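Now for the letters of each chain:
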Amino acid sequence: FTLKGYFRYLEKYLPFGEPVLRSFIRQDSIELTDNPVENWQRYEIAVREAKISIEKAVLLLPQIRKGLNEFARQYEFEKQERGIFPVENYSVADIGGTQGEGYQPNIRYGASPIKGYSFFDGNRHGGHPAHDIFIHDRNQDSLDDRTGEPVYVVAMWDGIVISTFKNWQPGSKLRGGNYIWCYHPQVNLLSYYAHLKDIIVEPGQTVKAGERLGTIGRTGFSAEPSRSPTHLHLMVLEYKNENFLPYNFYEEFVTQ
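In this text, all values refer to a predicted model and were calculated from it rather than measured experimentally.

Help me understand the pattern of salt bridges, please; the structure alone is not making it clear to me.
Side-chain pairs of opposite charge can arise where the charged atoms are in close proximity. Taken as a whole and assessed by the stated rule, the structure comprises seven salt bridges. With a shortest N-O distance of 2.7 Å, E49 and R48 are connected by a salt bridge. For K240, the salt bridge identified is with E238, shortest N-O distance 3.9 Å.

Could you clarify how one ought to interpret the pairing of strand β1 (residues 130-134) in this entry?
Within β1, four of the five residues are buried, which leaves the element mostly enclosed by the surrounding structure. Inspection of the sheet shows β1 paired to strand β8 (residues 231-240) by five bridges, in the antiparallel sense. Within β8, the residue paired with D132 across the bridge is H233.

Quick question: what am I supposed to make of the pairing of β8 here?
Regular strands show a simple pattern: their side chains alternate between the two faces of the sheet. Within β8, eight of the ten residues are buried, which leaves it mostly tucked inside the rest of the structure. Looking at chain direction, β8 and strand β9 (residues 243-246) are connected through four bridges and run antiparallel. Residue L237 lies in a different strand from β9, and its bridge partner there is P246. Connecting the antiparallel pair β8 and β9 is a turn made up of two residues, with N241 showing a positive phi of about 50 degrees.

Would you explain the confidence of the model for the chain in this entry?
Mean pLDDT for the chain: 91, with 88% of residues reaching 70 or above. Residue range residues 22-26 is modelled with pLDDT below 50. Its contacts to residues more than four positions away, or to other chains, number eight contacts.

Hey, could you run me through the packing of aromatic side chains in this one?
Aromatic rings considered in pairs are described by the distance between their centres and by the relative angle of their planes. All told, the structure shown has 14 aromatic pairs when counted by the stated rule. With 5.5 Å between their ring centres and 80 degrees between their planes, F119 and F120 make a pair best called edge-to-face. We classify F119 as buried; its relative accessible area is 5%. Ring geometry for W181 and Y192: centres 4.6 Å apart, planes at 40 degrees, overall tilted. Taken together, the residues W181 in strand β4 (residues 178-184) and Y192 in strand β5 (residues 189-199) connect sequence positions eleven residues apart. Judged by its relative accessible area of 11%, Y192 falls in the buried class. R146 extends its terminal NZ or CZ atom over the ring of Y90, reaching a point 4.8 Å from the ring centre.

Can you walk me through helix α2 (residues 36-48) in this structure?
Since there are 3.6 residues in each turn of an α-helix, residues three or four apart along the chain are aligned in direction. Taking 1.5 Å per residue, 13 residues should reach 18 Å; α2 reaches 18 Å between its end C-alpha atoms and fits that length. Along α2, the residues classified as buried are P36, V37, N39, W40, Y43, E44, A46, V47 and R48. Against the buried residues of α2 lie α3 (54-72), β3 (159-165), β4, β5 and β9. For α2, the N-terminal capping position is held by N35, with its side-chain oxygen 3.0 Å away from the main-chain nitrogen of V37. Positive backbone phi, approximately 55 degrees, marks A50, located one or two places after α2.

What's the story with unusual backbone geometry in this structure? I'm lost.
Note: most residues except glycine have negative phi, and most peptide bonds are trans. Here the phi dihedral of H195 falls at roughly 70 degrees; this positive angle occurs in a residue that is not glycine. Structurally, H195 is set in strand β5. The class of H195 is buried, set by a relative accessible area of 8%. Despite not being glycine, E242 has its phi angle at roughly 60 degrees, a positive value. Structurally, the position occupied by E242 is in the loop between β8 and β9.

Reading the values: the criteria
- Residues numbered from 1 in each chain as written.
- Predicted model: local features only at pLDDT ≥ 70, side-chain atom pairs only at ≥ 80, totals over all residues.
- Heavy atoms only, no water.
- Salt bridge = Lys/Arg side-chain N within 4 Å of Asp/Glu carboxyl O.
- Buried < 20%, exposed > 50% of the residue type's maximum accessible area, 1.4 Å probe, protein only.
- Helix = DSSP H or I, 4+ residues; strand = E, 2+ residues; numbered from the N terminus.
- Pairing = 2+ DSSP bridges.
- pLDDT = per-residue confidence, 0-100.
- Contact = heavy atoms within 4.5 Å.
- Phe/Tyr/Trp six-rings, centres within 6.5 Å; stacked < 30°, edge-to-face > 60°.
- Lys NZ or Arg CZ within 6 Å of the ring centre and 35° of its normal.
- Expected span 1.5 Å × (residues − 1).
- Polar contact = N/O pair within 3.5 Å; in protein donor to acceptor, adjacent residues only side chain to side chain.

This is the structure:
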């Protein structure tokens, strides 16, 4: 048994990106409760901060999702044909890159040592499995230059807010800054809205497609520096094979 051989085993049987050596300090499990939304929050933070091993996170995910689905049964969510564009008064023309080329889940990205995206890599993940939607904000005050007003982010589909983070501070290495996770069980998708300024929803709250969630800001390790134009980082994941995998929603908006 060697570490190199173990990494080869992980690459073969756990196709979640290049293995990364982590400390085994605090690789404990998480305590689950009777509240599925609270369980997601604990799980998401543990994965984000690498407080549980990748192997443990993989094993827990089906249980966490099952709880969310059971919680969702008390509500009726519309299964609309296409998602709502997530930024008020903006359009697909404001998505970065040419023809959605910013969506690149299988590359090295930023300072991450990992090639390719895996949900289980948390804050260290590689790839860019998302689209950045840029707003008009030359002076970087997080207000629309044309209106002087905040720019609102809205829910793409009916769903449940399952976690939020509102306390990002400059100097933090948390890449997403202030963010929101929403679960959309009727379409089997998870949406993630990052670099927000204000968040106006709470975990456990149900939202309708087009409902306001918060405002675009400049929070996040790479989003705060002046070299970064103000934008929403929007990632959508689809549940497949007991994993959350990147889902490219760009074509849905191009054809609207």
